[in-house]
Amino acid sequence: MTLTPPDTPPAPAAVDDGWRPLDAHPVGRTIAAFATRSFVANDPHGDRLRIRYEARAAAVPHATAAQPAELRAEVWFGPKAEGPPGHAHGGSVAAVLDEAMGLAVWLAHRAAVAAHIEVDFRNPVPLGLTGRVETTAGPADERKSSVSARLVGPDGTVYGEATGIFVLLGERHAGRFRGGGA
Ligand SMILES: CCCCCCCCCC(=O)SCCNC(=O)CCNC(=O)[C@H](O)C(C)(C)COP(=O)(O)OP(=O)(O)OC[C@H]1O[C@@H](n2cnc3c(N)ncnc32)[C@H](O)[C@@H]1OP(=O)(O)O
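Numbering of residues starts from 1 in each chain and follows the order in which that chain's sequence is written. Note on the predicted model: pLDDT of at least 70 is required for a residue's local features to be given, and 80 or more for side-chain atom pairs to be given and counted; whole-chain, interface and lining totals, by contrast, use all residues. Heavy atoms throughout the structure, all of them, feed into the side-chain values; hydrogens and water do not.

- Looking at an unreviewed UniProt entry, one finds the chain named Acyl-coenzyme A thioesterase THEM4 and attributed to Roseisolibacter agri.

So, in structure tokens, the structure goes:
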């Protein structure tokens with residue numbers, strides 16, 4: 001049992017910073033449904049990657065430079081994400097950053113696919129790490145949006161940073177990127 005000294009100030013009230021599970025937002029619900037099938041997020045109880053997305057509702061839809069849309073995630077790199085011994089495969093780190101950037105653009109604007117991404121691997125990701133992915137989707141023009149993301153550990157270590165150009169899907173893409181599978 002812990003005794004609280006009488007001169008200890010009361011704990012500050014929890015601040016509601018606006019972050020909610022992704023499926024709590026109307027647009028986010030559609031995106032979350034996609035994520036249940038995606039390469040990164042389709043095995044939430046597996047041994048490779050487990051990821052949970054959150055969105056800040058106040059920032060969506062329609063990101064602006066002054067108020068960029070934000071999507072973040074908590075991600076766990078399991079033993080089956082291995083690349084170098086004991087550490088996550090770079091492809092798994094890139095995939096996590098890629099998907100988070102794509103979902104951030106979709107949340108802020110509309111469905112989009114990656115045209116170009118760049119990833120900097122700043123530190124090796126130890127297997128078993130639970131990190132946070134932070135994204136910032138900027139404004140879009142008629143056809144594309146730029147976006148960035150980073151993977152940060154609980155002690156503030158930056159493991160990866162990425163930037164991307166995501167092309168917004170429109171009429172000219174009709175028939176491409178439809179659901180399918182086998
Ligand atoms: C369904 C929603 C899903 C959302 C979740 C996503 C999660 C994961 C994210 C991904 O990994 S998506 C899968 C990987 N990406 C792909 O498979 C896309 C493959 N590439 C294509 O299908 C086409 O190249 C693409 C649709 C990206 C572009 O073709 P378009 O014919 O629509 O592009 P267009 O040439 O008209 O260019 C549109 C704009 O984007 C720019 N652009 C296109 N490709 C670029 C590139 N590679 N680098 C830089 N900019 C590029 C281009 O310059 C132009 O800019 P401006 O409007 O300013 O002129």
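## Observations regarding the site of the ligand
Point 1. Residues in contact with the ligand amount to 20 residues; listed here are only the nearest, Asp98, Ala114, Arg143, Lys144 and His173.
Point 2. Contacts described as polar in this section are N or O atom pairs within 3.5 Å, which, within protein, must combine one atom able to donate a hydrogen with one able to accept it, while residues neighboring in sequence count only if both atoms come from side chains. In the model, a nitrogen atom of the ligand is placed 3.1 Å from a nitrogen or oxygen of the alanine 115 main chain.
Point 3. In this structure, an oxygen atom belonging to the ligand sits 2.8 Å away from a side-chain N or O atom of lysine 144.
Point 4. Computed by Shrake-Rupley with a 1.4 Å probe, the accessible areas treat only the displayed protein chains as cover when residues are assessed. In isolation the ligand exposes 1,200 Å². Once the protein is present, 60% of that is buried.
Point 5. Here a strand is any run of E in DSSP of at least two residues, a helix any run of H or I of at least four, and the numbering for each starts at the N terminus. Contributions of two or more residues to the shell around the ligand are made by helix 2 (90–108), strand 4 (112–121) and strand 7 (158–168).
Point 6. No other element matches the five residues that strand 4 contributes to the shell around the ligand.
Point 7. Here the term charged refers only to Asp, Glu, Lys and Arg, the term nonpolar to Ala, Val, Leu, Ile, Met, Phe, Trp, Tyr, Cys and Pro, and the term polar to all other amino acids, Gly among them. Class assignment for the residues of the shell around the ligand results in twelve nonpolar, two polar and six charged. The criterion for a residue being near a molecule or strand is simple. One of its heavy atoms has to lie within 4 Å of it.

## Details of the environment of glutamate 134
Point 1. Within the secondary structure, glutamate 134 is located in strand 5 (residues 130–140).
Point 2. Remark: the alpha-carbon pair of glutamate 134 and glutamate 161, spanning 27 residues in sequence, is separated by 9.6 Å.
Point 3. At 2.6 Å, the side chain of glutamate 134 forms a polar contact with the side chain of arginine 132.

## Points about the nonpolar core
Point 1. Take the buried residues of types Ala, Val, Leu, Ile, Met, Phe, Trp, Tyr and Cys, join any two whose side-chain atoms come within 4.5 Å, and each joined set is a nonpolar core. For the exposure calls, accessible area comes from a 1.4 Å probe over protein chains only, and a residue counts as buried if that area is under 20% of its type's maximum, exposed if over 50%, partly exposed in between. One finds Tyr53, Phe77 and Leu151 to be the most contacted residues of the largest nonpolar core, which totals 39 residues.
Point 2. Contacts are residue-level and defined by heavy atoms, with any inter-residue pair within 4.5 Å sufficient. In this structure leucine 151 touches Val75, Phe77, Val93, Leu97, Val125, Gly131, Arg132, Val133, Thr157, Val158, Tyr159 and Gly160, once residues within four positions along its chain are discounted.

## Digging into the side chain of glutamate 99
Point 1. Along the chain, glutamate 99 turns up in helix 2.
Point 2. At 8.7 Å, arginine 48 is the nearest oppositely charged side chain to glutamate 99, a buried residue that forms no salt bridge.
Point 3. Ignoring any residue separated from it by four or fewer positions in sequence, one finds glutamate 99 in contact with Ala35, Ser38, Val40, Ala41 and Tyr53. We treat Lys and Arg as the positive residues and Asp and Glu as the negative residues; His and chain ends play no part in the count. The salt bridge criterion pairs a side-chain nitrogen of Lys or Arg with a carboxyl oxygen of Asp or Glu, the two atoms within 4 Å.

## Some details on the environment of arginine 20
Point 1. The residue arginine 20 is located in strand 1 (residues 19–21) in this model.
Point 2. Classification of arginine 20 by relative accessible area gives partly exposed; the value is 37%.
Point 3. Between the C-alpha atom of arginine 20 and that of valine 167, which follows or precedes it by 147 residues, the distance is 26 Å.
Point 4. Once residues within four sequence positions are removed from consideration, arginine 20 is found in contact with Glu54 and Ala55.

## A closer look at the sheet that holds strand 2 (residues 49–56)
Point 1. Each pair of strands is called paired provided DSSP finds at least two bridges between the two strands. Taken together, the seven strands give an open sheet; going across it, the order is 1-2-3-5-6-7-4, and neighbouring strands pair in antiparallel fashion. Only two strands of the sheet have a single neighbouring strand rather than two, namely strand 1 and strand 4. Strand-to-strand, the axes of this sheet are offset by a mean angle of 25°, without reference to chain direction.
Point 2. As judged from the seven bridges shared by strand 2 and strand 3 (residues 71–77), these two strands associate in the antiparallel manner. When the bridges of strand 3 are listed, alanine 55 appears paired with leucine 71. Whenever a helix is involved, its axis is fitted only over the stretch in contact; in every case the axis is a line through C-alpha atoms, and angles between N-to-C directions fall within 0 to 180 degrees.

## Some remarks on the packing of helix 1 (residues 26–35) against helix 2
In a packed pair of helices, the relevant descriptors are the angle between the two axes and the axis-to-axis distance.
Point 1. Orientation of helix 1 relative to helix 2, taken along the N-to-C sense of each, is 150°, at an axis distance of 10 Å. Relative to helix 2, helix 1 is oriented roughly antiparallel. The hand of the helix 1/helix 2 crossing is right-handed. In this structure, helix 1 contributes Val27, Gly28, Thr30, Ile31, Phe34 and Ala35 to the contact, and helix 2 contributes Glu99, Leu103, Trp106 and Leu107. Angles below 35 degrees are treated as roughly parallel, those above 145 as roughly antiparallel, those between 65 and 115 as roughly perpendicular, and all remaining angles as oblique. Crossings are sorted by hand: turned counterclockwise from the far helix by less than a right angle, the near helix makes the crossing left-handed, and turned clockwise it makes it right-handed.

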